Amino acid sequence: MALSGGPDSLALLTGAIRAGLTVHAIVVDHGLQSGSADIARRATDQAIALGATAEVVTVTVDGPGGMEAAARTARYAALDRARTGRPVLLGHTLDDQAETVLLGLARGSGARSLAGMREWNSPWGRPLLGIRRADTRGACAELGLPTFDDPHNADPRFTRVRLRNEALPLLDDILHGGVPAALARTALSLRDDNDALDTLAADIYAGLVREPDPLLDPRGRSDEGARVTRGPATQGSQPSPTPPLVALVLATHPPAIRRRIIRRWLLEGGATEPTHPVIVAVDALVADWHGQGGVAVGGSPDHRLDVVRTCGLLTVHRTPR
């Protein structure tokens, strides 16, 4: 399990040990504050004293998206490497779930983001999603366990911190309580709906893909036979091995199904977690087709990925950078 030394992960560690589980604690040292190595060492010592095995994994936080996002990416990557095939328990609470849902709502995210975190999403387990943060802190106090409060969790430079310390308490006051629990219920309700729609979309998806046509012009023609010159697909691009989607058939399905199919198809084509605007732009090639050019959907350092509509098919094209 992931251990920071804070009340949430420490309460989870104690509960897991008392439940009879064999626990190995992984403490990720992000190196973002003075004395972080000592803090990590104290957390491992505490875990060992409670009956777990423990190790410290040091990471470098230097990815894109700001320090919060970069630290999260580095942390999950380190946990994934260190788990050696085992599931990992995380100490997220109901309050974390409420913050996630509210943040997604404020940013105009889709239903998938608003559905929040799952209690189990292999290999990650979050058994405390129904527990309040105050309860984990109270449990540690009752057991006499000293906890570490990360100063970054009180730093107003970070959006989630202000959401936690300002926005959520204000909403809770205005609505006379119960807001975190209500947001968590919203996530659960949306998750049930998402699961049903995802299952339906997966069943339809298999019937929509076609094997790539080796005779299809890699630069593409419109459904009317005119050369497509607008958009990101350019000279040198080649269709990827991902089977094309039949646009006219896809267009017969409602947007909620259609966009789920597009998301799955983009992921299989090499796109990395396509955003809502990207999915909507690709969907326009299906539902609002008027001969427009392709849509950039990501790629890697050595190639770009674009989606183009050619001869009634949506195709993922790879273009060397």
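Thresholds applied
- Residues numbered from 1 in each chain as written.
- Predicted model: local features only at pLDDT ≥ 70, side-chain atom pairs only at ≥ 80, totals over all residues.
- Heavy atoms only, no water.
- Helix = DSSP H or I, 4+ residues; strand = E, 2+ residues; numbered from the N terminus.
- Expected span 1.5 Å × (residues − 1).
- Buried < 20%, exposed > 50% of the residue type's maximum accessible area, 1.4 Å probe, protein only.
- Arc of directions from axis to C-beta.
- Contact = heavy atoms within 4.5 Å.
- Core = buried A, V, L, I, M, F, W, Y, C linked by side-chain atoms within 4.5 Å.
- Pairing = 2+ DSSP bridges.
- Phe/Tyr/Trp six-rings, centres within 6.5 Å; stacked < 30°, edge-to-face > 60°.

**Student:** Let's hear about helix 11 (residues 276-287): which residues, and what values?
**Tutor:** Between its first and last C-alpha, helix 11 extends 16 Å over 12 residues, near the 16 Å set by a 1.5 Å rise per residue. The complete set of buried residues in helix 11 reads Val278, Ile279, Val282, Asp283, Leu285 and Val286. The buried residues of helix 11 occupy an angular sector of 145° when the element is viewed end-on, so they sit on one face. On the buried face of helix 11, the contacting elements are helix 9 (247-250), helix 10 (255-268), strand 8 (295-300), strand 9 (303-310) and strand 10 (313-320).

**Student:** I'd love a proper account of the nonpolar core, names of residues and values included.
**Tutor:** One finds Leu266 and Val307 to be the most contacted residues of the largest nonpolar core, which totals 23 residues. Counting 17 residues, the second largest nonpolar core, distinct from the first, contains Ala43, Ala52, Leu128 and Cys140.

**Student:** An account of the sheet that holds strand 3 (residues 88-89) is requested, with residue identities and associated values reported.
**Tutor:** Across the sheet, 3 strands lie side by side as 3-5-4; this open sheet has mixed pairing. The outermost strands of the open sheet, each flanked by one partner alone, are strand 3 and strand 4 (120-121). With 2 bridges joining them, strand 3 and strand 5 (residues 124-125) adopt parallel strand pairing. Among the inter-strand pairings, leucine 89 is bridged to a residue of strand 5, identified as glycine 125.

**Student:** Kindly report on the packing of aromatic side chains, identifying the contributing residues and their values.
**Tutor:** Inspection of the entire model under this criterion finds 1 aromatic pair. An angle of 80° between the planes, with centres 5.0 Å apart, marks the rings of tyrosine 76 and tryptophan 124 as edge-to-face. One end of the pair, tyrosine 76, is in helix 3 (residues 66-82); the other, tryptophan 124, is in strand 5, and 48 residues separate them in sequence. For tryptophan 124, a relative accessible area of 12% puts it in the buried group.

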